Amino acid sequence: KEYLLEEMELKNVTVNCTEVMDLNNTDQFGNATATDNCPGIIITDNAVFNLNECNVGTITRFFVATDASGNTDQCSQTVTIINNNPFTEEDITWPATPITVNICDSTDPNDIPNGEPVFDPPSLQCANPIATFSDQVQFIVDNNPNTPCQIIRRTWTVTDNCQPNGTFVFEQTINVIDVTAPVFTNINNMTKTANANCLAFFTLIASATDCAGVTITNNSPYGATTGANASGNYPIGETVVIFTATDACGNTSTMDVVITVIDPD
C-alpha cells in the first residue's frame, strides 16, 4: 500500500531575516502532512542550516513519513532567508550630547549613564553592528572654575559588518567640570629654639591632592623654593607661611603654617 505526502504547506518560501525571531523553531515555515489508508503515520524532520553570521542564507528541511507497515515517503522544503531591511541609523540610539561629568569621575562610556550606543533588538536579527570611539581632548587653560576644564569630543563609529557601506558616525560632546578645590595634607604649627646664629631650620614641605592635578606655591622669604618646599632657616620671631594650591581648573585653597623661633636668651 502507498500513501501520499501532501506538500500544500511545504512550498519553498522566502522570508526576511527580521521576521525570523527564533531560528530553532522551523515549524514557523509550515509542516508536512501525509495520508494513508491506515492510521499511525509518523512524520520526522531534519533541518540543515546554511546561514552566514548575519543569519542570511538557506534552511533545507527534510521530511520522512512512515506508516505502521514501515512504508516511507519523503519531501523537502527550502527556506531562503534574505535581508531586504538592512540596519540603518534609525536602529541606533546614540548617547546623549552634550553631557557634563565631574573631573573626579571616569569618562569611560561604561561609567557614564547611557554612555554607549544602543541598538534596536529586532534589527540585530540580521546585523552585526560594532561600536567604537575615539576622543579628541581640548584642555581649557583660563583657570575659570565656572567653565569646563576639558572638552572631550567623542566620535562614535558604528559599523554593520553585514552590509557594505554600513558605517554610521556620531559626535558626542563631554564637558568635564571641577568645582572642588585642592585638599592640603595638614601641617601643624612648629616651634624651635634658635641656634647660635639666631636661626632655626625647619623642614616644611606641603602636599595637596586634586583630581585635576595641583600646583603649590608659598610666600615664605626663607624657603628653599617658591613651590611646595618652604624648608629653610627661619629667624627669631613668628613667620606665617601661606601655601596656595591651585588645580588645573582654577580652584584654589590655602593653608597657613605658623613658624615660631624662640630666642635662647
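The present account deals with the structure reproduced in this document. These numbers come from a predicted model, not from an experiment.

What counts and what doesn't
- Residues numbered from 1 in each chain as written.
- Predicted model: local features only at pLDDT ≥ 70, side-chain atom pairs only at ≥ 80, totals over all residues.
- Heavy atoms only, no water.
- Core = buried A, V, L, I, M, F, W, Y, C linked by side-chain atoms within 4.5 Å.
- Buried < 20%, exposed > 50% of the residue type's maximum accessible area, 1.4 Å probe, protein only.
- Helix = DSSP H or I, 4+ residues; strand = E, 2+ residues; numbered from the N terminus.
- Disulfide = S-S within 2.5 Å.

## As for the nonpolar core
Membership of the largest hydrophobic core comes to 18 residues, with the highest contact counts inside it found for Phe184, Leu204, Tyr234 and Phe243. Residue assignment for this core shows that the elements contributing at least two residues are β15 (199-202), β19 (237-247) and β20 (252-262). Sorting elements by how many residues they give to this core places β20 first, with 4 residues.

## Overview of the state of the cysteines
A full pass over the atoms with the stated rule returns 4 disulfides. Linked covalently through their sulfurs, cysteine 17 and cysteine 126 form a disulfide whose S-S length is 1.9 Å. Every disulfide takes its handedness from the sign of the S-S torsion; for cysteine 17 and cysteine 126 that torsion is 75°, giving right-handed. Taken together, the positions of cysteine 17 in the loop between β2 (13-16) and β3 (33-35) and cysteine 126 in the loop between β9 (118-119) and β10 (129-139) put the pair 109 residues apart, joining distant regions of the chain. Considered together, cysteine 17 and cysteine 126 belong to a single accessibility category, that of buried residues. Paired through a disulfide, cysteine 104 and cysteine 211 show a sulfur-sulfur distance of 2.1 Å. Judged by the torsion about the S-S bond (110°), the cysteine 104/cysteine 211 disulfide is right-handed.

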